[in-house]
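Each chain, letter by letter, is given below.
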Amino acid sequence: MSELADAQANEVCIVDDDPSVLKSMHYLLASEGFKVRPFNKAEDFLEHASKNHVPVVVTDIWMDGVTGLEVLARLCAISPETRVIVITAREDLAARATAMAIGPVAFFMKPFDDEKFITAVRDALH
């Protein structure tokens, strides 16, 4: 496997429009040895995913512009093998049901347990 393919195989993309959440999740994942690629706009992530292999993405549901549910739906078309972890600060049963129907590997309410989150990311990469 090439170095680039190897780096991409362990890459975790994060999509969240809250800079503080993006920064803290980036720090948490990087401190656990993951290669992290943060995106503060869902559109930028979707553009990246259409051109690059993305093994795992962590996406917020409620963002300005494109929502996490739209990210999930569009990923099904452009990168169906990408594993998705959904995070949200807002309990919304309809959004949760919609997300779960699309099929994320995990769903977390903010603030979440770091160890459970890291475990979910590791599981998604394997």
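Residues numbered from 1 in each chain as written. Predicted model: local features only at pLDDT ≥ 70, side-chain atom pairs only at ≥ 80, totals over all residues. Heavy atoms only, no water.

## Looking at the packing of aromatic side chains
What the rule picks out here adds up to four aromatic pairs. Note on Phe 108 and Phe 112: the rings are 5.6 Å apart at their centroids and 55° apart in plane angle, and the pair reads as tilted. Each of the two residues, Phe 108 as well as Phe 112, counts as buried. Taken together through their ring pairs, the aromatic side chains of Phe 108, Phe 112 and Phe 117 make up a single cluster. (Phe/Tyr/Trp six-rings, centres within 6.5 Å; stacked < 30°, edge-to-face > 60°. Buried < 20%, exposed > 50% of the residue type's maximum accessible area, 1.4 Å probe, protein only.)

## Topic: the packing of helix α3 (residues 42-51) against helix α4 (residues 68-78)
At a closest axis distance of 10 Å, the pairing of α3 and α4 adopts a crossing angle of 15°. Relative to α4, the element α3 is oriented roughly parallel. The chirality of how α3 crosses α4 is right-handed. On the side of α3, the interface is formed by Ala 42, Phe 45, Leu 46, Ala 49 and Ser 50, while α4 contributes Val 71, Arg 74, Leu 75 and Ile 78. Class assignment of the residues belonging to the contact of α3 with α4 gives a composition of seven nonpolar, one polar and one charged. (Axes fitted to C-alpha atoms, helices over the stretch in contact; angles between N-to-C directions. Helix = DSSP H or I, 4+ residues; strand = E, 2+ residues; numbered from the N terminus. Parallel < 35°, antiparallel > 145°, perpendicular 65-115°, else oblique. Left-handed = near helix turned anticlockwise from the far one by under 90°. Contact = heavy atoms within 4.5 Å. Nonpolar A, V, L, I, M, F, W, Y, C, P; charged D, E, K, R; others polar.)

## Remarks on helix α6 (residues 114-125)
Between its first and last C-alpha atoms α6 spans 17 Å; for twelve residues at 1.5 Å apiece the expected length is 16 Å, and the two agree. One side-chain oxygen of the residue at the start of α6 lies 3.0 Å from the amide nitrogen of Glu 115, identifying that residue as Asp 113. (Expected span 1.5 Å × (residues − 1). Polar contact = N/O pair within 3.5 Å; in protein donor to acceptor, adjacent residues only side chain to side chain.)

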